[in-house]
Amino acid sequence: MYYSVHPPSDYLLRHQPRLLPGWSQPIASMLVLLQPSQVALVERTADTEHEKEHLRSHFLVLGGAIAQMLQNEGYLAEVFDPRTGWPMLSGAGTLSLDDVAVAGSALGYSTGHCGNCRVILHPSLGTAVYPSTLVSSASVPVLEAIAHQVIENQPKFSEN
Ligand code: B12
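Keep in mind the model is a prediction, meaning the values are calculated, not measured. (Residues numbered from 1 in each chain as written. Predicted model: local features only at pLDDT ≥ 70, side-chain atom pairs only at ≥ 80, totals over all residues. Heavy atoms only, no water.)

Comments concerning the coordination of the cobalt atom of the ligand
Okay, step 1: Inspection of the coordination sphere of the cobalt atom of the ligand shows a single protein donor, Cys117 (SG), at 2.4 Å.
Okay, step 2: Examined against the element boundaries, cysteine 117 turns out to sit in strand β5 (residues 117-121). (Donors = N, O, S within 2.8 Å, 3.2 Å for Na, K, Ca; no water. Helix = DSSP H or I, 4+ residues; strand = E, 2+ residues; numbered from the N terminus.)

Structural notes on the sheet that holds strand β1 (residues 2-6)
Okay, step 1: Within the open sheet, the four strands sit side by side as β1-β2-β6-β3. Their pairing is antiparallel. Edge positions in the sheet fall to β1 and β3 (77-79), since each of these pairs with one other strand and no more. This sheet shows a mean twist of 20 degrees between the axes of neighbouring strands, independent of strand direction.
Okay, step 2: Bridge count between strand β2 (residues 29-36) and strand β6 (residues 129-136): eight bridges; the pairing is antiparallel. Following the sheet pairing, serine 29 is matched in β6 by serine 136.
Okay, step 3: In the packing of helix α3 (residues 46-72) onto the sheet, the strands contacted are β2, β3 and β6, and the crossing angle to β6 comes to about 20 degrees.
Okay, step 4: Where helix α4 (residues 99-107) meets the sheet, it contacts β1, β2 and β6, and its direction lies at approximately 105 degrees from that of β2. (Pairing = 2+ DSSP bridges. Axes fitted to C-alpha atoms, helices over the stretch in contact; angles between N-to-C directions. Contact = heavy atoms within 4.5 Å.)

A short note on the environment of threonine 133
Okay, step 1: Relative to the elements of secondary structure, threonine 133 occurs in strand β6.
Okay, step 2: In sequence terms threonine 133 and serine 90 are 43 residues apart; their C-alpha atoms lie 14 Å from each other.
Okay, step 3: Excluding residues within four positions of it along the chain, threonine 133 makes contact with Leu31, Phe59, Glu78, Val79, Phe80, Leu97, Asp99 and Val102.

Read these as spatial facts, not as claims about activity.
Following this line, the structure appears as structure tokens:
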């Protein structure tokens, strides 16, 4: 798994009122988490959908734990559902988050089109990668420390 913490992109700050209308503080950091997929994510098959659901649930567990620790320290935190782009913890607005655009702009990865969907072209994983995003009002170093603590101490995630 690849994860990295970045300052919020200009797009997120500009569109925060539509992404997270209930937030009283600005987004100050974003965690981009990329999980290798067992299968290339180009077609829609039973295998791809099973793998996507598997990786989605893993992200929601990790993201939920990170968000809880941030909230315990008085910060706002939001986990975006990688299946839809809508926030899981606070009320949805009028704009869903595009995880491919977030990872592409934060990590400089190119993107391509599969069917009518835009996908990340990861330098080593190609399209066999599952992107997801968490944002917080905590500073980048604070989110980095908490994400590291949770991800490095997570129980071994079964690949199958
Ligand atoms: C909607 C959607 C679809 C729609 C297509 C929508 C479209 N036209 O892009 C449908 C249902 C067709 C689709 C299909 C597929 N999808 Co799709 N899809 C999504 C979803 C849920 C949202 C994408 C989105 O928001 N697009 C917004 C586009 C349509 O808007 P736009 O006007 O072009 O651009 C605006 C946005 O980018 C917006 N924006 C919003 N947030 C942000 C943030 C930043 C920083 C910026 C700059 C802009 C921005 O600003 C732009 C201008 O307004 C994402 C999950 C996610 N949360 O990102 C998965 C996702 C992109 N899909 C994925 C995949 C794999 C597919 C498939 C290729 C295969 C599959 N098994 O699902 C299939 C296609 C199969 C085929 N061959 O036909 C994966 C890609 C994984 C990867 N390696 O990158 C994702 C990430 C789901 C996942 N978590 O795995 N998909």
